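Single-letter residue listing:
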Amino acid sequence: MGNPLFARKPMSMLLAEAQEEGGHSLKRTLGPFQLTALGVGAIIGAGIFVLSGLGAHYAGPGLMLSFVLSGLGCAFAGLCYAEFAAMIPLAGSAYTYAYATLGELFAWIIGWDLTLEYAMGASTVSSGWSNHFIELLNIFKIKMPLWLAYDHWTGLSTATKMVARQMALASDTALQPGTQAFLDKVDAIVKAQSPELLQKAHALLDAPTLFGSEVGFNLPAFVIALVITAILVIGIKESARFNATIVTIKVAVVLFVIGLGIHYVNFSNWGHDWSTFAPMGFSGIGAGAAYIFFAYIGFDAVSTTAQECKKPQRDLPIGILASLVICTILYILVAGVLTGMVRWQDVNIEAPIAEAFLDRGLTLASHIITLGALAGLTSVMLVMLLGQTRVLYSMANDGLLPKGFFAAVHPKYRTPYKNTVLVGLLAAIVGSVTPIDDIGKMVNIGTLLAFIMVCIAVMILRNTNPEQPRPFRTPWVPVVPILGILFNGYMMYKLGWVNWARLIGWLIIGLVIYFTYSRYHSRVSNAQQ
């Protein structure tokens, strides 16, 4: 009898679960179009509309190569995911694959790690969604109190910047808003933290106090997370239909950005040699790739819907790989347009694409982009919360979490409704009180770790179960998985020690839960004793 920590879930058990039907199982309604739409829905969102600005400040015009580097890391992992998704068509994604290959402890680590990707990812996106919603309200001249529009830290920072902009314009009337000189002046005022600046910022924030401390609450982020949760409880078919509609809107907006923006590209902005194309060299392109990596997160969520596909063996690989190819091409084109329209030093970090069009006087275009970003972020949240609930459903079915709660399927809607409500509430609360950039980087490092584990698992399963039928085979094993490990490992390294410390802290909390509850209730360990 082996060590129960490394007990593997037998292939026969996995395949029997995959064929289950009936009232307590999930409803099979998804085909290749819906799966590809779910993939595109998960991928196009915060990354392209928000994080491309941050990436440009590291990579310069080389941002185009950052998207290639991130895309390649995902493609190698995606090919490994596709083999598993076709071979073990179960909800649970990387968690289920690790259980079959690496054993229970690694499966738990990945399942806990995926919570970091999906639930925290949904929180990040709800916060980004809120920023674009506030932009939309501004178009209609509707103002929300700052303390209700942002978490406390972001609200205070926003108020400080608004006051600093007014002070910068008052100090020098020749300054043009949006120019580098103007931004440098604003930065200098913010860094000085003068008593006048702080006093005016707190007055502008005008936040209520609780126990003597100012309070901030991102109301739009909270509300959108709850709306998406309600849609997910009602059913997978309705969720997929809602998602497909939104995906159509946002792909149209991305094509609009490329089609209109190309007329305003100044080729000299791309530089004339390697040092001007990639001002910080390959290291800058690598750092850019690590930060914009969030733009690609989500294609793996397609594999969490395996138990809701009509023909998972054929359709899951199509959904995963088609969505990756479509989005990578669109991303490279958008990065080219953005860095061609605006000098990389001047790219706006908060709303890079909308601002690039505003600077050209294209106000209507910038409004359309804001709407596209809102649509984009809505579907990303939907797919991330969907992915999270399906991973928890799988873990509960294996006994690693309380089954009566996390695997409870609604009698009418056939969705795991209790865990959906819990995850939605948590995402709503975290998104409404936490700054977006901190959560975003944690999500990246958690996802990269899951990708590396899947690449390792493919190589292991080729040795331990060589006879297992594989409807889709990852090509060039072990070359593709090894490249996946190297590319994704490099991006993890570029995220810096603070994010590594957060990841380790998160995993320690997970291990405490595993050793106090999960190992004693595990179906697989108990069956093997």
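Bear in mind that the values here come from a model prediction, so they are computed numbers and not experimental data. (Residues numbered from 1 in each chain as written. Predicted model: local features only at pLDDT ≥ 70, side-chain atom pairs only at ≥ 80, totals over all residues. Heavy atoms only, no water.)

Draft legend 1. Quick peek at the packing of helix H17 (residues 363-397) against helix H19 (residues 417-433). Orientation of H17 relative to H19, taken along the N-to-C sense of each, is 130 degrees, at an axis distance of 9 Å. With respect to H19, the axis of H17 lies oblique. H17 and H19 meet at a crossing whose hand is right-handed. Seen from H17, the contacting residues are Leu385, Gln388, Thr389, Arg390, Leu392 and Tyr393; seen from H19, they are Asn419, Thr420, Val423, Gly424 and Ala427. (Axes fitted to C-alpha atoms, helices over the stretch in contact; angles between N-to-C directions. Helix = DSSP H or I, 4+ residues; strand = E, 2+ residues; numbered from the N terminus. Parallel < 35°, antiparallel > 145°, perpendicular 65-115°, else oblique. Left-handed = near helix turned anticlockwise from the far one by under 90°. Contact = heavy atoms within 4.5 Å.)

Draft legend 2. Here's a closer look at the environment of valine 477. On the secondary structure map, valine 477 appears in the loop between helix H20 (436-464) and helix H21 (479-493). Among all residues touching valine 477, those that are not within four sequence positions of it are Val458, Met459 and Arg462.

Draft legend 3. Quick peek at empty space enclosed by the protein. In the structure shown here, the tally under the stated rule is 1 cavity of 30 Å³ or more. Lining the largest cavity are Phe49, His132, Ala351, Ile353, Ala354, Ile369, Thr370 and Ala373. Looking at the lining of the largest cavity, the elements that each hand over two or more residues are helix H16 (352-358) and H17. The leading source of residues in the lining of the largest cavity is H17, at 3 residues. Tallied by class, the residues present in the lining of the largest cavity amount to 6 nonpolar, 2 polar and no charged. (1 Å grid on protein atoms, 1.4 Å probe; cavity = no way out; pocket = protein on both sides within 12 Å on 5 of 7 lines; lining within 4 Å. Points joined across faces, edges and corners; volume = space filled by probe spheres on them. Nonpolar A, V, L, I, M, F, W, Y, C, P; charged D, E, K, R; others polar.)

Draft legend 4. Structural view of the confidence of the model for the chain. The predicted model of the chain averages 86 in pLDDT, with 96% of residues at 70 or higher. Within the chain, H21 carries the highest mean pLDDT (95), whereas helix H1 (residues 11-18) carries the lowest (78). (pLDDT = per-residue confidence, 0-100.)

Draft legend 5. Summary view of the side chain of asparagine 218. When you line up the elements, asparagine 218 lands in the loop between strand E2 (213-214) and helix H11 (219-234). Of the residues examined, asparagine 218 reaches a relative accessible area of 2% and is grouped as buried. In this structure the side chain of asparagine 218 is engaged in a polar contact, spanning 2.7 Å, whose partner is the side chain of serine 130. Only 3.1 Å separates the side chain of asparagine 218 from the backbone nitrogen of alanine 221, close enough to count as a polar contact. Once you skip the residues sitting within four places of it in the chain, asparagine 218 turns out to touch Ser127, Ser130, Leu148, Ala149, Tyr150, Asp151, Gly431 and Ser432. (Buried < 20%, exposed > 50% of the residue type's maximum accessible area, 1.4 Å probe, protein only. Polar contact = N/O pair within 3.5 Å; in protein donor to acceptor, adjacent residues only side chain to side chain.)

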